[in-house]
Amino acid sequence: MNLFRTKHQISDEEAAHIIGQFFPEIRDKLLNTIQLGSIASSDSSLILASIEKRTLEISPFEFSSSIDLKSNKKYIRYVAYPGIILLFLLLLFPQYLTESTSRIINYDKEFEPARLFIVTPLNNEFSAFKNEDFILDVKVSGSAIPDQIYVNSKGRRAKMKLQSNGRFQYIFSKVQDNFNFRIEAADYRSVSYEVNILQRPDIKAFNVALNYPNYTGKKNEILENVGNLSIPEGTEVTWTIQTVETESLKIAFVEEKEIIDLKPTGNQLYESKKRIRKSDSYKLHLVNRHSKNKDSIAYQIDVIKDEYPKISLNSYQDTTLFAFIVFNGLIADDYGLSKLEFVYEKDHEQVSIPVPFNKNLQSQNYFYQWNLDSLDIGQGEAVTYFVRVWDNDAVNGRKFSQTSTYNFKVPDKKEIKEKLNKQSEGAKKELDQSLQEAEDLNEQIREIQNDLKSKENLDWQENKKINDLIKQKEKLEDALKKIAQQNKDLAKKQERFNQPNEKLQQKVDQLQKLMDDILDEETKKLYDELKKLLEEQQGSEDIEEIMDQLENKEENLQKEIERAIEMFKRLQFDYKMDEIINDLDELAQEQVEHSEETLDKQNNTESLKKEQEDLNESFNQIEEQIDKLDELNEQMKQPEELGNFDQEESEIKEEQQQSKEELDQNKRKKSSQSQKKASDKMKEMKQKMEEMQAGMEMTMMQENLDHLRDIVDNLVKVSFDQEKIMTDFKGVNQSDSRYVSLSQEQLKLKDDAKIIEDSLLSLANRVFQIQSFVTREVDAMNDEIQASLQGLKDRRKAEATAHQQYAMTSINNLALLLDDVLQQMQQQMADAMGKPQKGEKGQKQNLPGLSELQQQLNKKIDDLKKSGKSGRPLSKELAELAAEQEMLRNELQRLQDQLGENQDGVGNNLQQAIEKMEKTELDLVNKRISQETINRQKDILTRMLKAENALRERELDDERDAEQADNIDRLLPPEFEEYLKAKKQELELLNTVPPKMNPYYKEEVNKYFRRLNEQ
């Protein structure tokens, strides 16, 4: 209470008296100590020692022990309210309680005078990185916040930007060196702050070396300051990085989750390499003692995967001969191709054939022709094929792509026959249509000629008719060329599947030559001259002369087409007969083999029945072919006398049906016997057809020879007659009476020439050797004879004589040409009589030869002896038989001459046969046929058979010598081949200069090439 009433500060003595009241035991000691302290200045050392002693005596006493807490409890209620107030102030306004205490405690710090606001920097550290912004954030708090706050640095005062209530910001842009700054506001000035400038790690130079895989053919390169890469798979990438203030450098790959430490190779230079196999992104991490790189350094690597090669295929199959396949297409790859192969599968076995191509081109067109002859694909068999291409991928291994699988099937025998029949019928229709067009053309020529006779100049109607005539002629020429090509294709197909004999093949070649030569150059020149006259608008007289020549030419063309049609019919007839004989031979062999299978009890009965049904059906097809042969024979102008095979057909079918019924009854042995009988009867039927074929051939050849010989004789006679008339005219003048009689002889000579022409044209329809130029020479002969008659009529003797000379030249030329044909026919007949007709070696012994012809002649002689004929009919037949025997004897003599000294037992038989033939000829000429003659003929036949057997054995020995097969190039249709060649050249030209481009455009170019190829 005394303290509260005190108005001034008490002294130390007064305080000692007050303390003494509470602690009586130290009252005097405390008072004495204070008094000693007041006089310590006079004798310091003694007094200080006394004070120290007294202080030690009173130090154990504490003020808390003097307090009587119980007596003070009554004052607690007076302290509670102030305490609550103090606690409230401590929580809400702690500065009111702590500020003064802080000043007392931190007595050595400089405290600013109390202000209305406080500026507090919010930055944790006053440091920045070089070339980066330093952002200063401050917070202003207080009772009165100033509107403007400034930053003072390097003598420059800048205003801070207000961000929000009480928050200000200032940006030091791109700081370079250490600097100091102060914050100022109103009369406030902060202490000086120092900002330290640090250096972040950074990249100074960045190079990437790309080492591409060798197989890509790309040149290695170095990229500067490029981190994003688009590279082929397997590329080795080397990073070389020049840094600044960097202590370590790493590359982190995101997808692979791989981290690569770059190795230091010099002053702040780091390097590392990696082979890249797949696309990924990567980041560069630079570190020093202060920080990492501020901005993320991230790049992308796009790996271009090695694509699968691309291939397309256009396949052209030979549907004529089924002998080859041509294919082409486009192959392409991103980096290159290593192999292209054609793969085919036959009998579940794959075989690959390399296909040539250019390995230096990434995209190219390929072309290949595959011949099937070596595969030995039979009728009805099939082969599958495709084309496969390999790339040159050295990273993942070579990959391949292949086309779709294609199928190539050779038609079976039935399908081939149907195709051949359909094709031959189509060719026949084309020929008939061309003949009709030729007749129409001749009609137009005659109509134009009639119009020109009454007009001196051409009007638009005649011009139009002539132009239509020229167009019609061009159309006919195109049709004839097409027919010639169709006939060639048909002949090739028949040659491949029917294997015609040598003689038949000669006929095919001769018919083809006839069709190729059916359009002559002279006629073409006449039409060209006619076009020129029309363009020059010449008078009708010149055009009429051209039309007269064209009339003769077109009539001759019409005859040639008619002849070609007739020869085509005869050729198809020969083909059909040859085909039937071959089918009978094959079916007989199959029937024999089936009979042997029937006896084998291991074979299933049902399968045997099914096979027999197939054989029965095959014979039914042969019957249909025989009916077709009859139809072809009836279509010819001079049909052959075909034998009747109804009995043979009935017996064969009966045996086949019986064998089937016996199989139904499980009588295998009897069924086998019936099958053998059926086979034997087929062979007999085949033998009969061969004899009929040989007989027809020989008869026709003999008749043709006789006719041709007569024609040649008549030509020689006409030539002499023309020479005589020409000689007689030299001594006759126009007033002589002989002039008229000689003119009458010239007119008769024209009639004789006409008879020769008719005979020759009739013969030409049967004789293939007579070529087109032979019949054209007949026209030349007739034209000259007609011109000579016109000259005689007009009394122009010199002109008539000149034409007679030309006519005789044409007659002589024609006689020479026909004599050559005669020689060819005689040689052909001699070949047919002297050796088998079939060209196939394995079938020579099955065909009629000289012995068979001799056998036929013996039968004729025997039949004539029994016939009882007499008089003129007997003499005629004896003369014919004598001629046939003479012909056979001459052939035997020729054969003996060819053998020379190397006769090997053949010569004796031939010589004796020749001698006996001479005796027979003598008997026949003398009209004497006795039993001795018949016996002699049998002996002749025996010796000829022995000679033929000896010759056959020699041929078999010769056949054992192997010969290398010739390679026959299978040609494409000309249009298709030209198209492929042109296309290949075009694409190769485009590919020779490929532009340097990125993968996207490169792929677009390849797509363009593929589309171009597909089109």
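Reading the values: the criteria
Residues numbered from 1 in each chain as written. Predicted model: local features only at pLDDT ≥ 70, side-chain atom pairs only at ≥ 80, totals over all residues. Heavy atoms only, no water. Helix = DSSP H or I, 4+ residues; strand = E, 2+ residues; numbered from the N terminus. Buried < 20%, exposed > 50% of the residue type's maximum accessible area, 1.4 Å probe, protein only. Contact = heavy atoms within 4.5 Å. Areas by Shrake-Rupley, 256 points an atom, 1.4 Å probe, with all protein chains shown as cover. Pairing = 2+ DSSP bridges. Axes fitted to C-alpha atoms, helices over the stretch in contact; angles between N-to-C directions. Salt bridge = Lys/Arg side-chain N within 4 Å of Asp/Glu carboxyl O. Phe/Tyr/Trp six-rings, centres within 6.5 Å; stacked < 30°, edge-to-face > 60°. Lys NZ or Arg CZ within 6 Å of the ring centre and 35° of its normal. Lys, Arg positive; Asp, Glu negative; His and termini not counted. Expected span 1.5 Å × (residues − 1). Arc of directions from axis to C-beta. pLDDT = per-residue confidence, 0-100. Patch = residues over 30% accessible without salt bridge, like charges linked within 9 Å, V, L, I, M, F, W, Y side chains within 5 Å. Charge placed at Lys NZ, Arg CZ, Asp CG, Glu CD. Core = buried A, V, L, I, M, F, W, Y, C linked by side-chain atoms within 4.5 Å.

### Points about the overall build of the protein chain
- Helix and strand counts for the protein chain come out as 24 helices and 29 strands.
- Each of the 1015 residues in the protein chain was classed as buried or not, and the buried ones make up 41%.
- Put simply, 71% of the contacts in the protein chain that link residues at least 6 apart link residues at least 24 apart.
- Of the roughly 58100 Å² that the protein chain leaves accessible, carbon and sulfur atoms contribute 48%.

### Description of the sheet that holds strand β11 (residues 202–211)
- The antiparallel open sheet is built from five strands, whose spatial order is β12-β11-β14-β18-β17. The two strands at the open ends of the sheet, each matched to only one other strand, are β12 (221–224) and β17 (263–266). Between one strand axis and the next, the sheet turns by 25° as a mean value, whatever way the strands run.
- Pairing of β11 with β12, which is carried by four bridges, proceeds in the antiparallel orientation.

### A word on the pattern of salt bridges
- In total, this model carries 58 salt bridges according to the counting rule given.
- Here E233 makes a salt bridge to K305, at a shortest N to O gap of 3.2 Å. Here E233 is found in the loop between β13 (229–232) and β14 (236–244), whereas its partner K305 is found in the loop between β20 (297–304) and β21 (310–311), with 72 residues between them in sequence.
- Taking relative accessible area as the criterion, E233 reaches 4% and is therefore assigned buried.
- Relative accessible area serves as the criterion here: at 43%, K305 is assigned to the partly exposed category.

### A closer look at the packing of aromatic side chains
- Counted under the stated rule, the structure contains 27 aromatic pairs.
- Ring plane angle 40° and centroid distance 5.8 Å describe the contact between F253 and Y282, whose orientation is recorded as tilted. Taken together, the residues F253 in strand β15 (residues 248–253) and Y282 in strand β19 (residues 280–287) connect sequence positions 29 residues apart. Y282 matches F253 in its accessibility class, with the two residues each being buried.
- An aromatic cluster of at least three residues, connected via ring pairs, comprises F327, F342, Y344, Y366, Y368, W370, Y385 and Y406.
- Directly above the ring of F253 sits K274, whose terminal nitrogen or CZ lies 5.4 Å from the centroid.

### Remarks on the sheet that holds strand β1 (residues 117–121)
- If you walk across this open sheet you meet the four strands as β1-β3-β7-β6, and the pairing is antiparallel. Of all strands in the sheet, those with a lone pairing partner are β1 and β6 (161–164), marking the two edges. Adjacent strand axes in the sheet meet at a mean angle of 30° when their direction is disregarded.
- Pairing of β1 with strand β3 (residues 134–142) involves five bridges; the strand directions are antiparallel. Counterpart to P121 in the pairing with β3 is V138.

### Considerations on the side chain of E662
- Take E662: it is sitting in helix α14 (residues 646–664).
- Of the buried charged residues, E662 lacks a salt bridge, with K670 as the closest side chain of opposite charge at 6.1 Å.
- The contacts of E662, once residues within four sequence positions are left out, are K667, K670, S671 and S674.

### Digging into α14
- Compared with an ideal rise of 1.5 Å per residue, which puts 19 residues at 27 Å, α14 spans 27 Å between its outermost C-alpha atoms and is within 8% of the ideal.
- Of all the residues in α14, the buried ones are E648, E649, I652, E655, Q656, S659, K660, E662 and L663. Relative to the axis of α14, the buried residues are bounded by an arc of 165° and lie together on one face. Turned more than 90 degrees off the buried face of α14, the exposed positions are D646, Q647 and E654.
- Downstream of α14 by a residue or two, N666 has a phi angle that is positive, lying close to 60°.

### Section: the confidence of the model for the protein chain
- Confidence in the prediction of the protein chain, expressed as mean pLDDT, is 80, and 84% of residues score 70 or more.
- Looking across the protein chain, the model is least confident in helix α1 (residues 2–5), with a mean pLDDT of 47, and most confident in β14, with 94.
- Low pLDDT, under 50, characterises residues 1–6; the stretch is placed with zero contacts to residues that sit more than four places away or in other chains.
- Scored below 50 in pLDDT, residues 992–997 makes two contacts in the model with residues more than four places away or belonging to other chains.

### Structural notes on a negative patch on the surface
- A cluster of acidic side chains, namely E617, E624, D627, E631, E634 and D646, defines a negative patch on the protein surface.
- Here the element with the most residues in the negative patch is helix α13 (residues 605–635); it accounts for five residues.
- Structurally, E634 can be placed in helix α13.
- Residue class for E634 comes out exposed when judged on its relative accessible area of 64%.

### Structural notes on the nonpolar core
- Ranked by internal contacts, the top residues of the largest apolar core, which has 67 residues, are F327, W370 and M547.
- The dominant element in this core, judged by the number of residues it contributes, is helix α12 (residues 540–599), at 12 residues.
- For F327, the residues in contact, after removing those within four places along its chain, are L313, N314, S315, F342, V355, Y366, F367, Y368, W370 and V387.
- Counting residues in hydrophobic clusters, the runner-up holds 34 residues, among them I711, L789, I811 and V821.

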